[in-house]
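# Descriptive analysis of the structure
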Amino acid sequence: MRIAEVIGTVTLSRMHPAVERARWIIGVPFSLKALGDQLDPDGEDLVIYDQLGAGHGQRIGVSEGVEASAPFHPAKKPVDAYCAAILDQVSIRK
């Protein structure tokens, strides 16, 4: 799981039937250095499936790959990144 910051939403005019009525957000992941030094996120933007209602500027926990589709098991959904948590606080010990 990675930590990302929400920077926007995605609007689709057509989609796969398995993800109809889904909410999609755009998030930018943090590197460990950026988190530790309280810098801006520095990863590549991701389109993320969101069922939690994450808002602009919030930090979220993102699962990717096979783990991203695990919440939907046994149904199959074409999801590569999933918002698994909205984070209130992140603390890093150095």
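Here the structure is shown first, and the text comes after it.
Per chain, the residues get numbers from 1 upward, laid out in the order the sequence is written. Local features are withheld for residues below a pLDDT of 70 in this predicted model, meaning they are given only at 70 or higher, and side-chain atom pairs are given and counted only at 80 or more; totals for whole chains, interfaces and linings count all residues. Hydrogens and water molecules were not included; the side-chain quantities draw on all heavy atoms of the structure.

Counting from the N terminus, the helices are the DSSP runs of H or I reaching at least four residues and the strands are the DSSP runs of E reaching at least two. Helix and strand counts for the protein chain come out as 2 helices and 5 strands. Relative to a compact globule of 94 residues, whose C-alpha radius of gyration would be 12 Å, the protein chain shows 14 Å and is just as compact. Taking the principal axes of its C-alpha atoms as reference, the protein chain extends roughly 45 × 25 × 20 Å. Pairs of residues are marked as contacts when any of their non-hydrogen atoms sit within 4.5 Å. Long-range contacts, defined as pairs at least 24 residues apart, comprise 56% of the intrachain contacts of the protein chain with a sequence gap of at least 6. The Shrake-Rupley method, run with a 1.4 Å probe sphere, supplies the accessible areas, and residue values consider only the shown protein chains as cover. A total accessible area of about 6400 Å² is found for the protein chain, and carbon and sulfur atoms account for 49% of it. Only four residue types enter the tally: Lys and Arg on the positive side, Asp and Glu on the negative side; His and the chain ends are excluded. For the purpose of locating charges, the reference atoms are NZ of Lys, CZ of Arg, CG of Asp and CD of Glu. Across the protein chain, the 10 positively charged side chains and the 12 negatively charged ones have centroids separated by 5 Å. In this description the radius of gyration comes from C-alpha coordinates, and the expected globular size is given by 2.2 Å times residues to the power 0.38.

The next point concerns the nonpolar core. Nonpolar cores are built from buried Ala, Val, Leu, Ile, Met, Phe, Trp, Tyr and Cys residues. Side-chain atoms within 4.5 Å join them into one set. Accessible area is worked out with a 1.4 Å probe on protein chains only. A residue is then buried under 20% of its type maximum, exposed over 50%, and partly exposed in between. Counting 10 residues, the largest nonpolar core is built from A4, V6, I25, L46, I48, A54, I60, V62, A81 and C83. Residue assignment for this core shows that the elements contributing at least two residues are β1 (2–10), β3 (46–50), β4 (59–64) and β5 (81–87). Grouped together as the second largest cluster of nonpolar side chains are 8 residues, V19, A22, F72 and Y82 included.

Bringing the side chain of S63 into the picture now. For S63, the position within the fold is in strand β4. Beyond its immediate sequence surroundings of up to four residues, S63 is in contact with M1, A68, D80, A81, Y82 and A84.

Residues with no salt bridge and a relative accessible area higher than 30% make up the patches, which join like charges within 9 Å and nonpolar side chains (Val, Leu, Ile, Met, Phe, Trp, Tyr) within 5 Å. Every case where a carboxyl oxygen of Asp or Glu lies within 4 Å of a side-chain nitrogen of Lys or Arg is listed as a salt bridge. Together, L32, V90 and I92 make up an exposed nonpolar region whose accessible area comes to about 250 Å². Along the polypeptide, I92 turns up in the segment after β5. Judged by relative accessible area, which is 35%, I92 ranks as partly exposed.

Attention now goes to the pattern of salt bridges. Within the structure shown, the criterion is met by 3 salt bridges. The residue R2 makes a salt bridge to E64 at a minimum N-O spacing of 2.7 Å. With R2 in strand β1 and E64 in strand β4, this pair connects stretches of sequence that are 62 residues apart. Given a relative accessible area of 36%, R2 falls into the partly exposed group.

So, on to the environment of H16. When you line up the elements, H16 lands in the loop between β1 and β2 (23–29). Between the alpha carbons of H16 and P74 there is a distance of 17 Å; along the sequence they are 58 residues apart. At 3.0 Å, the side chain of H16 and the backbone nitrogen of A18 are in polar contact. N or O atoms within 3.5 Å of each other form a polar contact, as long as, within protein, one can give a hydrogen and the other can take it, and as long as residues adjacent in sequence are counted only when both atoms are side-chain atoms.

None of the figures reported here should be taken as evidence of function without further support.
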